[in-house]
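Here is how the chains run, residue by residue.
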Amino acid sequence: MFKSKIRDKIASHEMSITVLMIIPLILLFFFSFLIGRYPVSPNEVIMAIASKLFLINSTLSPAVNTIIFDIRLPRILAAMMVGASLSVAGASFQGLFQNPLVSPDKLGVSAGAGFGAALAILFSASVFMIQFSAFVWGLIAVGLTYFLGRAFKGTSMLTLVLCGIAIASLFGALLSLIKYVADPYGQLQTIVFWLMGSLASVNNLDIIIMGIPITIGTIILLMIRWRINVLSMGEEEAQTLGVNTKRLQAIIIVCCTIVTASAVSICGIIGWIGLVIPHVARMIVGPDHKILLPASIILGAFFLLLIDNVARTITTTEIPLGILTAIIGAPFFLYLLMKSKEVWS
Amino acid sequence: MSHLMEMVNGTFSYNSLDNIFEDINFEVEKGDVFCILGANGAGKTTLIKCLNGLMKLSSGKVLLNGKNIYGLNHSQIARNIGYIPQIHNSTFSFTVLDVVLMGRAPHLDIFSSPSKKDVKIAENSLKALNIYYMRDKPYTEISGGEQQLVFIARILTQEPDILLLDEPTSHLDFGNQIRTLNIIEKLAKNGLCVVMSSHFPDHAFISSNKVAIMKGKNFIDIGTPEEVITEENMEKAYGIRVKIADIDYRRACIPLKIK
């Protein structure tokens, strides 16, 4: 009842659902600063942020400042950024491929990034090089998929997905090869842990470097979001509605790939979010990408921030994010499926 | 004077060996309802798709107000020619209004969303077809006949001069078929030009002023329904015998039993 009432309000444009959804996110953002081994009080958080924003000299101890700005802030921002990126890319890809079962790694970006990271770890590269290698190989994998799809006269999106599956399994095999030859007491552990995803080692520089491509890609996706509606009616129909489908598809693929590759390179492979958050968003706001994309961004940011808070507090050693997203996400999603009548038929 | 739309020596083949159709010529004007008849696989759908550039003729041209359509971009074509496909596969349960609004796409640039003015145009199309009340319903949860009306509303929102309808009546019940034909006729009276394919010669009598029969790569006949839909032509096109009869105030085409 309540939900359908909200729907009516949205349909009649009386209320912006995105504004409504952003409130819990802001609350969680502030709350997340309080979580951790070193106790920080709410007042200190507000003071610290206010002093940065309004350039007032802070009276807080340097230790508290360091914890807030160099340890917790980058991690909170990274969780929100990664969650938002994977979700917006997932929602866009589901529209592009007209298939609600598609996740942002469908064209091989995660497989490529995983291989790239493992390769860099094998050569004992620096953390920055590992991220860079993951990012670049993610792009290479999707590039290969895209040009193969085109080379096979593949005008259909199905050809592209099939090429993506082939490329992903190819990079999966190469990754296994690297694991096989890697030193089992050092490199192999690092590779395995990287693949499970973690935000433990994120710093402010990562946020800035990866934030730029993520922001640009997300803004472009948001700008074209209404056209994704038209494209999701089918390529042929979109074309007869005046959409340059080839160009629009290419823009979506490039933006989603850059956004996903950036996210994956910071934190490793985190599955599930890109597939499920768009579904949850669709259950709340409906399928119109004009509202769905902003809603996915907010929900994705909220969800991963929540998960990461759990990951860093529940036990003394951190639980990898990829494990938690599935353990918490799967039952939650099943619950929603049960509650909601809008099951995909 | 150039025609509204014209096909000149249209030839199409998928593999450059075997033509689906060849040397087809016709023209349509404002207010025309042009009905293309033909057996399954005669190439009606392909021909219609060539008219708005979804497929490209192997040789020959399609002229829109005297201009070759292959020189126009997607949105230029879409502003002049609307299209309703034979089959629509739905994935997401958009509201009826959202679907109809998509008709504004050719009038908007890539970074814009529909404005209040566009919503108004879409709502007017819904009102014109008396389906305004289903504005906020998911279009996946309405009947096939209602869905067809939604797509007609979308094509009206597109504000084209020409409507291409690929078998607009084929998935509809007996009553909705005739209601759809009635709408098509009204649209043509308001100055639109309709090109449609059909499996029902009888429907051409009801709504069309121009008919062509496609058979063996070409039109075997083209002209007014009365000239074209004859007992001989029907036997040639479909291999069955029919009876053409005047009933009440109209002519009808009635299939006979195969002996």
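Chemist: Please clarify how helix α4 (residues 62–96) of chain A should be interpreted in this entry.
Modeler: An α-helix turns once every 3.6 residues. As a result, residues three or four positions apart point the same way. Residues and elements named next belong to chain A. When the terminal C-alpha atoms of α4 are compared, their 49 Å separation across 35 residues agrees well with the 51 Å that a helix rising 1.5 Å per residue should span. Of all bends in α4, the biggest is about 40°, found at R72, and the proline P74 comes one to four residues later. Taken across its 35 residues, α4 has 28 buried, putting it largely inside the fold.

Chemist: How should I be thinking about the environment of R104 of chain B in this particular structure?
Modeler: Among the secondary structure elements, R104 of chain B is positioned in the loop between α3 (96–101) and α4 (116–128). Measuring from C-alpha to C-alpha, the distance between R104 of chain B and I121 of chain B comes to 8.6 Å, with 17 residues separating the pair along the chain. Once residues within four sequence positions are removed from consideration, R104 of chain B is found in contact with W226 of chain A together with D118, I121, T157 and E159 of chain B. There is a polar contact of 2.9 Å between the side chain of R104 of chain B and the side chain of D118 of chain B. A distance of 2.8 Å separates a polar atom in the side chain of R104 of chain B from the backbone oxygen of T157 of chain B.

Chemist: Where do I start with the interface of chain A and chain B in this structure?
Modeler: How big an interface is tends to be reported as the loss of accessible area on association of its parts. Residue-level contacts link 31 residues of chain A with 36 residues of chain B. For the pairing of chain A and chain B, the buried interface totals around 2800 Å² over both sides, and the portion due to carbon and sulfur atoms is 64%. The interface formed by chain A and chain B contains two salt bridges. For the salt bridge of K49 of chain B with E236 of chain A, the shortest nitrogen-to-oxygen distance reads 3.1 Å. Here chain A and chain B share seven residue pairs in polar contact (both at pLDDT 80 or more) between them. Every element with two or more residues in the side of chain A that touches chain B is listed here: α4, α10 (225–231), α11 (235–240), α12 (245–267) and α14 (289–313) of chain A.

Chemist: Explain the environment of K257 of chain B here, please?
Modeler: Examined against the element boundaries, K257 of chain B turns out to sit in the segment after β12 (250–255). Taking the relative accessible area as the measure of exposure, K257 of chain B reaches 78% and is therefore exposed.

Chemist: Could you clarify how one ought to interpret the pattern of salt bridges in this entry?
Modeler: It is possible for side chains of opposite charge to pair when their charged atoms get near one another. Under the definition given, this model contains 13 salt bridges over all chains. Several salt bridges share partner residues, and in doing so they unite R75, D308 and E318 of chain A into one network.

Chemist: Any chance you could explain the packing of aromatic side chains here in plain terms?
Modeler: Two measures describe an aromatic ring pair: the distance that separates the ring centres and the angle between the ring planes. Under the definition given, this model contains 15 aromatic pairs over all chains. With a centroid separation of 6.4 Å and 80° between ring planes, the pair formed by F34 of chain B and F219 of chain B is classed as edge-to-face. Highlighted residues: F34 of chain B in strand β3 (residues 33–38) and F219 of chain B in strand β10 (residues 218–223), separated in sequence by 185 residues. Each of the two residues, F34 of chain B as well as F219 of chain B, counts as buried. Joined through ring pairs, the aromatic side chains of F29, F30 and F33 of chain A make up one cluster.

About the cut-offs
- Residues numbered from 1 in each chain as written.
- Chains lettered and ligands numbered in written order.
- Predicted model: local features only at pLDDT ≥ 70, side-chain atom pairs only at ≥ 80, totals over all residues.
- Heavy atoms only, no water.
- Helix = DSSP H or I, 4+ residues; strand = E, 2+ residues; numbered from the N terminus.
- Expected span 1.5 Å × (residues − 1).
- Bend = angle between axes of the 7 residues up to and from the residue.
- Buried < 20%, exposed > 50% of the residue type's maximum accessible area, 1.4 Å probe, protein only.
- Contact = heavy atoms within 4.5 Å.
- Polar contact = N/O pair within 3.5 Å; in protein donor to acceptor, adjacent residues only side chain to side chain.
- Buried area = accessible area lost by both parts, 1.4 Å probe.
- Salt bridge = Lys/Arg side-chain N within 4 Å of Asp/Glu carboxyl O.
- Phe/Tyr/Trp six-rings, centres within 6.5 Å; stacked < 30°, edge-to-face > 60°.

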